[in-house]
Amino acid sequence: WMRKFKGASRVALRPRTAEEVAAVLGHCNSRNLAVVPQGGNTGLVGGSVPVWDEVVVSTSRLNQVLSFDEDSGVVVCEAGV
């Protein structure tokens, strides 16, 4: 939103489960492909911007709240929440 950082990638993947994330990372690791994880892109330092055509792995579809403890206020959720 600040238009401070620019990046490009030929592929962006949006897995829905932790198992899909593991499969993607296993595939990339076995082929020595660099990966850039992306959440909500709310950071201000450009840490999730692909620099040299890395594979972008978005966590936006990992958006489930798994549990909430009303007494402690602890929420267990997936990475895209």
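(A) Inspection of the overall build of the protein chain at higher detail. From N to C terminus, the protein chain includes one helix and five strands. Traced from its N-terminal end to its C-terminal end, the protein chain shows the element sequence β-α-β-β-β-β. Looking at the protein chain residue by residue over its 81 residues, the buried ones come to 19%. Put simply, of all contacts in the protein chain between residues at least 6 apart along the chain, 43% involve residues at least 24 apart. On the protein chain, roughly 6,200 Å² of surface is accessible, and the fraction owed to carbon and sulfur atoms is 54%.

(B) Spatial organisation of the sheet that holds strand β2 (residues 35-38). What the three strands build is an open sheet, ordered β1-β3-β2; its pairing is parallel. Whereas interior strands pair on both sides, the edge strands pair on one side only; in this sheet they are β1 (12-13) and β2. In this structure, β2 lies alongside strand β3 (residues 55-58), joined through four bridges in parallel fashion. Opposite Gln 38, over in β3, you have Ser 58 as the bridge partner.

Cut-off values and rules
Residues numbered from 1 in each chain as written. Predicted model: local features only at pLDDT ≥ 70, side-chain atom pairs only at ≥ 80, totals over all residues. Heavy atoms only, no water. Helix = DSSP H or I, 4+ residues; strand = E, 2+ residues; numbered from the N terminus. Buried < 20%, exposed > 50% of the residue type's maximum accessible area, 1.4 Å probe, protein only. Contact = heavy atoms within 4.5 Å. Areas by Shrake-Rupley, 256 points an atom, 1.4 Å probe, with all protein chains shown as cover. Pairing = 2+ DSSP bridges.

Interpretation in functional terms is not warranted from these geometric data alone.
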